[in-house]
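Summary of the model geometry
As a plain string of letters, each chain reads:
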Amino acid sequence: VRFNTFTVAIYNAYQGLFDRTTAATLAALLMVVAGGAVALESAAARRFRAAGGRAPRPARTVALGRWRWPALIAVAGLAAVNLALPFAMIVYWSLRPAAGAAPGVAAAAVNSLAGALSAAAVAVVLALAVAYWRERHPGRWASAVERLASAGFALPGLVIALSLVFFAARWLRPLYQSFALLVAAYVVRFLPEALSALRASLAAVPRRLEEAARSLGRRPLAVLVTVTLPLVRRGLLAGFGLVFLTAMKELPATLILRPIGFDTLAIRVWSFASEGIYSRAALPALLLVAVSAVPVYLLVIGPALAPRAAATSVSLPGVEG
């Protein structure tokens, strides 16, 4: 609809006009804007900590009365537009006669899983190191590294990809158009997701447990493996799942950094849809939804249903289960 944005202009300058100078200039402007947003967030966080912070208050239940049903209809309509309608259209196109003739979908699914799993594993390891440093040894350098690691989420994947392209083409030529460079872009882009999950988990672990293990003769690495990691297991899984979910559907960085012949499900959907062949785009889209549904259930739906299941379970004397 001719709605131009920074990301669209950068992509057109790089891919359409082959003008790297213009693309780099626009990317630099976008980085300045993103840096300003990160600086404002850091300043607000410092003011909050300087004021002593405030303990989170329990949510107060408000009776909607006669507005209950309109509110329910509005929320259900939003869910239908966001979830049911796109899924119904994908199913509709997948049932058309030409839907089964989508070449390269199996290879694209394998590539998507390989890239997302690799990025999630590397991001969780790096996030654990940064979060542990920030929580257990706070200081100016730890805060600076944490802010630097969080800055990637403020930038579009296209800008990160262009930066890595320029860097690899000039100084690390063997990494240019390699799988490792693509995974690096995923990690830079989605590291803050794993970092936020692990920071929250580490903040909830009392430091005295680790100190007690050290006093019993355990080495720092043994304490990390046997005490800290089991206690932050949920944060590790949450960070892994978030990075995996977002890396599976990442498109701009993949388009620029992928090796030759390396297609993902997101690229197959985009290429078929851009050509107007929606029936062929349906199968990779369904696979993408199916794979993404697993972390969505584990991270969102499962925890939401757990309190309800616990509340509805009835324990009778002499009856187990």
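Given the structure is predicted, the values throughout are model-derived calculations rather than measurements.

**Focus: the overall build of the protein chain**
Helix and strand content of the protein chain: 13 helices and 0 strands. Per-residue burial over the protein chain gives 33% buried out of 321 residues. Taking all contacts inside the protein chain whose residues are at least 6 apart in sequence as the whole, residues at least 24 apart take part in 75%.

**Here we look at the packing of helix α4 (residues 105-136) against helix α7 (residues 179-203)**
Running from N to C, α4 and α7 point in directions that differ by 45°, and their axes come no closer than 6 Å. With respect to α7, the element α4 is oriented oblique. In terms of crossing hand, the pair formed by α4 and α7 is right-handed. Class assignment of the residues belonging to the contact of α4 with α7 gives a composition of 21 nonpolar, 2 polar and 4 charged.

**Describing empty space enclosed by the protein**
Any empty space left between atoms is shown by rolling a water-sized probe over those atoms. This model, assessed by the stated rule, comprises 1 cavity of 30 Å³ or more. The space that makes up the largest cavity amounts to roughly 30 Å³. Ranked by residues supplied to the lining of the largest cavity, first place goes to α4 with 4 residues. For the lining of the largest cavity, the residue count by class is 5 nonpolar, 4 polar and no charged.

**Brief notes about the side chain of E146**
Of note, E146 is situated in helix α5 (residues 140-150). Within the local environment of E146, its side chain forms a polar contact with the side chain of R134, the two groups lying 3.0 Å apart. In this structure E146 touches V130, R134, L195 and R199, once residues within four positions along its chain are discounted.

**Thoughts on the packing of aromatic side chains**
To describe a pair of aromatic rings, one takes the distance between the centres and the angle between the planes. For the structure shown, the criterion picks out 4 aromatic pairs. The interplanar angle of 35° and the centroid separation of 6.5 Å between the aromatic rings of Y186 and F190 together place this pair among those described as tilted. Note that Y186 and F190 are positioned in helix α7 at a spacing of 4 residues, about one turn of the helix. Judged on exposure class, the residue Y186 and its partner F190 are both buried. The aromatic ring of Y176 is capped on one face by R173, whose charged end is 5.1 Å from the ring centroid.

**Points about the nonpolar core**
Soluble globular proteins: nonpolar side chains tend toward being buried together. Counting 55 residues, the largest nonpolar core has I10, V243, I256, L257 and L265 as the members making the most contacts within it. Looking at this core, the elements that each hand over two or more residues are α1 (6-16), α2 (20-50), α4, α6 (157-171), α7, α10 (233-248) and α11 (252-257). Excluding anything up to four places from it in sequence, L265 contacts V105, A108, A109, S112, M248, P284, L287 and L288.

**Some remarks on the side chain of D263**
With respect to the secondary-structure elements, D263 resides in the loop between α11 and α12 (265-274). Polar side-chain contacts of D263 include one of 2.3 Å to the side chain of R258. Every residue in contact with D263, bar those within four places of it in the chain, is listed here: A107, A108, N111, R258 and R268.

Parameters and conventions
- Residues numbered from 1 in each chain as written.
- Predicted model: local features only at pLDDT ≥ 70, side-chain atom pairs only at ≥ 80, totals over all residues.
- Heavy atoms only, no water.
- Helix = DSSP H or I, 4+ residues; strand = E, 2+ residues; numbered from the N terminus.
- Buried < 20%, exposed > 50% of the residue type's maximum accessible area, 1.4 Å probe, protein only.
- Contact = heavy atoms within 4.5 Å.
- Axes fitted to C-alpha atoms, helices over the stretch in contact; angles between N-to-C directions.
- Parallel < 35°, antiparallel > 145°, perpendicular 65-115°, else oblique.
- Left-handed = near helix turned anticlockwise from the far one by under 90°.
- Nonpolar A, V, L, I, M, F, W, Y, C, P; charged D, E, K, R; others polar.
- 1 Å grid on protein atoms, 1.4 Å probe; cavity = no way out; pocket = protein on both sides within 12 Å on 5 of 7 lines; lining within 4 Å.
- Points joined across faces, edges and corners; volume = space filled by probe spheres on them.
- Polar contact = N/O pair within 3.5 Å; in protein donor to acceptor, adjacent residues only side chain to side chain.
- Phe/Tyr/Trp six-rings, centres within 6.5 Å; stacked < 30°, edge-to-face > 60°.
- Lys NZ or Arg CZ within 6 Å of the ring centre and 35° of its normal.
- Core = buried A, V, L, I, M, F, W, Y, C linked by side-chain atoms within 4.5 Å.

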